[in-house]
Amino acid sequence: MLKKERYHHFVEYFSKNQPDAVTELHYNSPYQLLVAVILSAQCTDKRINQVTPALFERFPDAESLAVSNAEEIFPYIRSVSYPNNKAKHLAGMGKMLVEQFNSVVPSSIDQLQKMPGVGRKTANVIASVVYDAPAMAVDTHVFRVANRIGLTNNARTPLAVEKELVKYLPNEVLAIAHHWLILHGRYICVARTPKCEICPLTWFCRYYERAHTEKALLKAEADKARKAKEAAKKKKLNVISRELKKRTISKD
Ligand code: SF4
């Protein structure tokens, strides 16, 4: 199947079946989403949603974060991964947001990336979710699922995956496609053993196609070897049987 066809089926399936996919992070403002996404690096959304209510109550906006420091933030996020670094990042991000961006979360990927704790993935999430920009944030789920389905030609880096997805997906679905890929990777196309037996995408998934083609080839080879072994055994038995007959006749 051609890559373009896979894209077509991918967009068609999810547009029909998950037209309202959204992030599972809880937030009420661009500032809160930015904080939640920074915290979510190498951590689950579920865990982040457990800590953000208290964090947002104490630091409800950029101004309150800007006048705090890492030591004050740390207790609120101690249960997430890398809490020390993230506390420093949040404190720095709050200050920069107030001092350089007038407390408004910027929409430009470059400006977003200037803030502590904001890498390309986080910047793309903010640009696409908050500003509906045609950006694609590539996290571990997006990277894995896009490669497995065959939306990329086994791209090796998140940036390469991002470029291919941006190139082939229609602009109007780029933002939501990010959620389609994440949710599919989180619940069905999981990292260790993808749940292909319950996946609705098998008929256009490259990974599935290859796994089953390989399986079929291995089975055919095993069948061939078994038949050859059986034929050799039969031949040997025939030889023995003929030999026994000969000996019986000569004795007589
Ligand atoms: S068929 Fe399997 S590998 Fe392909 S997307 Fe579905 S779960 Fe992932």
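Residues numbered from 1 in each chain as written. Predicted model: local features only at pLDDT ≥ 70, side-chain atom pairs only at ≥ 80, totals over all residues.

Side note on the overall build of the protein
Just so we agree on the cut-off: For the purposes of this entry, the term helix denotes a DSSP run of H or I that reaches at least four residues, the term strand denotes a run of E that reaches at least two, and both are numbered from the N terminus. As defined in this context, the radius of gyration uses C-alpha atoms, and a globule is described by 2.2 Å times the residue total to the power 0.38. Labels follow a simple rule on C-beta atoms placed from the backbone: if 20 or more others lie within 10 Å of a residue's own, it is buried; if 12 or fewer, it is exposed; otherwise it is partly exposed. A residue pair is marked as a contact if its C-beta atoms, positioned from the backbone, fall within 7 Å.
For the protein, the helix and strand inventory stands at twelve helices and zero strands. The order of helices and strands in the protein, counted from the N terminus, is α-α-α-α-α-α-α-α-α-α-α-α. Relative to the globule expectation of 18 Å for 252 residues, the C-alpha radius of gyration of the protein, 29 Å, shows a markedly less compact shape. Taking the principal axes of its C-alpha atoms as reference, the protein extends roughly 115 × 40 × 30 Å. Here the protein holds 252 residues, and 32% of them are scored as buried. For the protein, the share of sequence-separated contacts (at least 6 apart) that also reach a separation of at least 24 residues comes to 59%.

Re the nonpolar core
Short version of the rule: For our purposes the nonpolar core covers buried Ala, Val, Leu, Ile, Met, Phe, Trp, Tyr and Cys residues that link as a set through C-beta atoms within 7 Å.
Judged by nonpolar contacts, the single largest core of 57 residues is most densely connected at Leu34, Ile38, Leu90, Ile126, Val142 and Ala146. If you tally residues by element for this core, the top one is helix 2 (residues 30-40), at eight residues.

A closer look at helix 2
With nine of eleven residues buried, helix 2 is to be regarded as a mostly interior element. Of all the residues in helix 2, the buried ones are Tyr31, Leu33, Leu34, Val35, Ala36, Val37, Ile38, Leu39 and Ser40. Residues of helix 2 that are buried sit in contact with helix 3 (45-58), helix 4 (62-66), helix 5 (70-77), helix 6 (83-101) and helix 8 (120-131). One or two residues past the end of helix 2 sits Gln42, with phi positive at roughly 55°.

Quick word on the packing of helix 9 (residues 140-149) against helix 11 (residues 171-187)
For the record, the criterion: Axis definition: a line fitted to C-alpha atoms, limited for helices to the stretch in contact. Angles are taken between N-to-C directions and run from 0 to 180 degrees. Any angle that falls under 35 degrees is termed roughly parallel, while one over 145 is termed roughly antiparallel, one within 65 to 115 roughly perpendicular, and all others oblique. Each residue gets one of three labels, nonpolar for Ala, Val, Leu, Ile, Met, Phe, Trp, Tyr, Cys and Pro, charged for Asp, Glu, Lys and Arg, and polar for the others, Gly among them.
Interaxial distance between helix 9 and helix 11 falls to 8 Å at its minimum, and their mutual angle equals 85°. As judged from the angle between their axes, helix 9 and helix 11 are roughly perpendicular. In this structure, helix 9 contributes His141, Val142, Arg144, Val145 and Ala146 to the contact, and helix 11 contributes His178, Leu181, Ile182, His184, Gly185 and Arg186. The residue inventory of the contact of helix 9 with helix 11, partitioned by class, reads five nonpolar, four polar and two charged.

Thoughts on the UniProt feature "domain: HhH-GPD" (unreviewed entry) in the protein
Spelled out, the test is: UniProt positions are given in the numbering used here, feature names are shortened, and annotations may be inferred rather than shown by experiment.
With numbering aligned to this structure, UniProt lists the feature "domain: HhH-GPD" (unreviewed entry) at residues 39-187. Between the end C-alpha atoms of residues 39-187 the distance is 21 Å, and the span holds 69% helix and 0% strand.

Considerations on the site of the ligand
As a reminder, the rule being used: Any residue whose backbone-placed C-beta atom lies within 6 Å of a molecule or strand is treated as near that molecule or strand.
The environment of the ligand is formed by 13 residues, the closest being Cys189, Pro194, Cys196, Cys199 and Cys205. Where the shell around the ligand is concerned, the elements lending two or more residues are helix 9 and helix 12 (206-251). In the shell around the ligand, the residues fall into ten nonpolar, one polar and two charged.

Focus on the domain arrangement of the protein
Short version of the rule: Reported domain spans reflect what an automatic or database domain assignment gives.
Structurally, the protein comprises domain 1 (3-187) and domain 2 (205-252). Placing the centre of domain 1 and that of domain 2 at their C-alpha centroids yields a distance of 58 Å.

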